[in-house]
Amino acid sequence: MSRVGILRFPGTNCDRDIWKSIEMKNKKPEWLWYEDSFKPENYDAFLVPGGFSYGDYLRSGALAALSPAMDSLKKADSLGKPIFGICNGFQILCEAGLLPGALMRNDKGRFIDQWVNLKLENESGWSPFEVGNSYRMPMAHADGRYFIGEEGLKSLKDNQQIWLTYEKNPNGSVSDIAGVMNEKRNVVGMMPHPDRALFDWMGSLDGLKFFDWKDEA
Amino acid sequence: MKFALKILPKPEVLDTQGRAVQTTLSTHGFNELKDCHVGKYIVLEVEAADESKGLEMAKAMAEKGLYNPLIEKYEVEAL
C-alpha cells in the first residue's frame, strides 16, 4: 500500500479532507509536521493541503515555504517523488520554488467561492491523464490569480507545463491557468479543490480522479 | 542597528490593493491622484559590526523570502 505524507502547517485546514481522499484511494496517509524534517525515502508521494498557513502573513505560503519540512520536501523532489499542492499548498510550492510562478490577489479583490470547470491541458506525473477532459469542482480562495512573466509563460507553454485551465477565468489568472507542473512533471499544484469533490452529495465525484500518480507500486 | 525593507509590487504586476485605494480616494474628490501602490515596510533590528555588514544581512533576509522577486521589488535602508 502506497504511503502518502501529508504536510501540516499552523493554519492548514484541508488536511482531513486530503486524509480522506487518500484513504478513499486505498493508500496509507501519514501526517508530516512542519517543524520536523522527514526522510523522503520512506514515502511514495506527498500532498500539501489547503488552508491559511501562518494566517497568510507576509504572502500566502511564504512563511510555510521556509519551514524544515519543506527542506525535506525539496529533497523528495530531487528524488523525483510525486508532490501535489492544492490551494494554499499550491501557493506554498510556488513560494518554495518547487513550482514556477506566483499566486496573487484575485483581480476583483474578492474571495471567490464557487464551482468551476477545469480542462486538463497537459499530462503530468499525477492523474488524471486524459488530456482535453473536463473536471468540475469547487474553488475557494482570495489569492489565486496565477502570475508569471512573459518569458516564464513562454517557457511554460514550450515545455507543456500548464496542467489545468479554467473554462471560464474567475480570478484574472494569466492564460486562464488553474494549475501547473514543474519541468520534471513530478510536482503539480492547483488552486481549485479536488478534495471537495469526493462524493455525489458534495456535487461532483471528479476530485477522486486527482489522487493517483504514474508508476504507482 | 535598525534597517528597513521597502517592498512594492513590480510596475508590470496588477496591484489590486493600490487600485482599490486609488478608486476610494477618487470617490472622495482626490482627482489629482494618478497612480497608487501599496507595499510593505519591514523593520529589522540586527547585531552587526558596522552599517555595511548590517545592510548585507538585511539584504540576505530579503533574498531568503521577505520579498518575491517574481512580483515585487525592494529597497533597503539604514534607520
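Residues numbered from 1 in each chain as written. Chains lettered and ligands numbered in written order. Predicted model: local features only at pLDDT ≥ 70, side-chain atom pairs only at ≥ 80, totals over all residues.

Novice: Just checking my understanding: could you explain the overall build of chain A for this structure?
Specialist: Counting secondary structure elements, chain A contains 4 helices and 11 strands. Over its C-alpha trace chain A gives a radius of gyration of 15 Å, about what one expects of a compact globule, namely 17 Å for 217 residues. Once the C-alpha set of chain A is aligned to its principal axes, its extents read approximately 40 × 40 × 35 Å. The buried share among the 217 residues of chain A stands at 53%. When contacts within chain A are restricted to residue pairs at least 6 apart in sequence, those whose partners lie at least 24 apart make up 75%. (Helix = DSSP H or I, 4+ residues; strand = E, 2+ residues; numbered from the N terminus. Rg over C-alpha atoms; globule rule 2.2 N^0.38 Å. Buried ≥ 20, exposed ≤ 12 C-beta atoms within 10 Å, placed from the backbone. Contact = placed C-beta atoms within 7 Å.)

Novice: I keep staring at the overall build of chain B and nothing clicks. Help me out?
Specialist: In terms of regular secondary structure, chain B is built from 2 helices and 3 strands. If you list the helices and strands of chain B from N to C, you get β-α-β-α-β. The C-alpha radius of gyration of chain B comes to 16 Å, more than 25% above the 12 Å expected for a compact globule of 79 residues. Its C-alpha atoms put chain B at 50 × 25 × 15 Å along the principal axes. Expressed as a percentage of the 79 residues in chain B, the buried residues total 16%.

Novice: Would you take a moment to explain the interface of chain B and chain A for this structure?
Specialist: Taken together, the contacts link 9 residues of chain B with 12 residues of chain A. Broken down by secondary-structure element, the contributors of at least two residues to the side of chain B that touches chain A are α1 (16-27) and α2 (51-66) of chain B.

Novice: Would you take a moment to explain the confidence of the model for chain B for this structure?
Specialist: Parts of the prediction with low pLDDT should not have their coordinates interpreted in detail. When pLDDT is averaged along chain B, the result is 96, and 100% of the positions lie at 70 or above. Interface confidence for the predicted complex, given as ipTM, is 0.88, next to a pTM of 0.95. (pLDDT = per-residue confidence, 0-100.)

Novice: Quick question: what am I supposed to make of the pairing of strand β11 (residues 187-190) of chain A here?
Specialist: A regular strand carries its side chains on alternate faces of the sheet. All names here are of chain A. Both faces of β11 are covered, namely the face carrying Val 187 and Gly 189 and the face carrying Val 188 and Met 190. In this structure, strand β4 (residues 83-86) lies alongside β11, joined through 4 bridges in parallel fashion. Residue Phe 84 lies in a different strand from β11, and its bridge partner there is Val 188. Note: strand β10 (residues 177-181) against β11, 3 bridges, orientation antiparallel. Across the sheet, the residue bridging to Met 181 is Val 188, located in β11. Hairpin connection, β10 to β11: the antiparallel pair is bridged by 5 residues, and Arg 185 has positive phi, about 75°. (Pairing = 2+ DSSP bridges.)

Novice: Would you take a moment to explain unusual backbone geometry for this structure?
Specialist: For residues that are not glycine, phi is negative in most cases, and the peptide bond is trans in most cases. Residues and elements named next belong to chain A. Omega for the peptide link from Ser 127 to Pro 128 comes to 0°, which places this bond in the cis form. By the secondary structure assignment, Pro 128 is in the loop between β6 (112-120) and β7 (134-141). The backbone phi angle of Ser 175 is positive, close to 50°, even though this residue is not glycine. Among the secondary structure elements, Ser 175 is positioned in the loop between β9 (162-166) and β10. C-beta crowding within 10 Å serves as the criterion here: with 14 such atoms nearby, Ser 175 is assigned to the partly exposed category.

Novice: Hey, could you run me through the sheet that holds β7(A) in this one?
Specialist: Across a sheet, paired strands are connected by hydrogen bonds in the backbone, their directions being either parallel or antiparallel. All names here are of chain A. With respect to topology, 9 strands assemble into an open sheet ordered β2-β1-β3-β4-β11-β10-β9-β6-β7, the strand pairing being mixed. Lying at the two open borders of the sheet, with one neighbouring strand each, are β2 (28-33) and β7. The sheet shows a mean angle of 25° between the axes of neighbouring strands, taken without regard to direction. The sheet strands contacting helix α2 (residues 68-78) are β1 (3-8), β2, β3 (45-48), β4 and β11, and the helix crosses β4 at an angle near 130°. (Axes fitted to C-alpha atoms, helices over the stretch in contact; angles between N-to-C directions.)

Novice: Which parts of the structure should I look at to understand the nonpolar core?
Specialist: Among the nonpolar cores identified, the biggest contains 74 residues, and A:Leu7, A:Phe46, A:Leu47, A:Ala64, A:Phe90, A:Leu93 and A:Met190 are the most heavily contacted of them. Beyond its immediate stretch of four places on either side in the chain, A:Leu93 contacts A:Val48, A:Gly85, A:Leu98, A:Leu99, A:Val187 and A:Gly189. (Core = buried A, V, L, I, M, F, W, Y, C linked by C-beta atoms within 7 Å.)

Novice: Any chance you could explain the pairing of β1(A) here in plain terms?
Specialist: Residue and element names in this part refer to chain A. Counting buried positions over the 6 residues of β1 gives 5, a clear majority of the element. Remark: the β1/helix α1 (residues 15-24)/β2 crossover connection has right-handed handedness. Pairing analysis gives 3 bridges linking β1 to β3, with the strands arranged parallel. When the sheet's bridge partners are listed, Val 4 is paired in β3 with Ala 45. (Right-handed = clockwise from strand over helix to strand, strands pointing away.)

Novice: What's the story with the sheet that holds strand β2 (residues 40-45) of chain B in this structure? I'm lost.
Specialist: All names here are of chain B. Read from one edge to the other, the open sheet built from 3 strands follows the order β2-β1-β3, with strand pairing classed as antiparallel. For this open sheet the edge positions go to β2 and β3 (72-78), each flanked by a neighbour on one side alone. Taken pair by pair, the neighbouring strands of this sheet meet at an average axis angle of 20°, ignoring direction. In this sheet, β3 lies alongside strand β1 (residues 2-9) in antiparallel orientation, the contact comprising 7 bridges.

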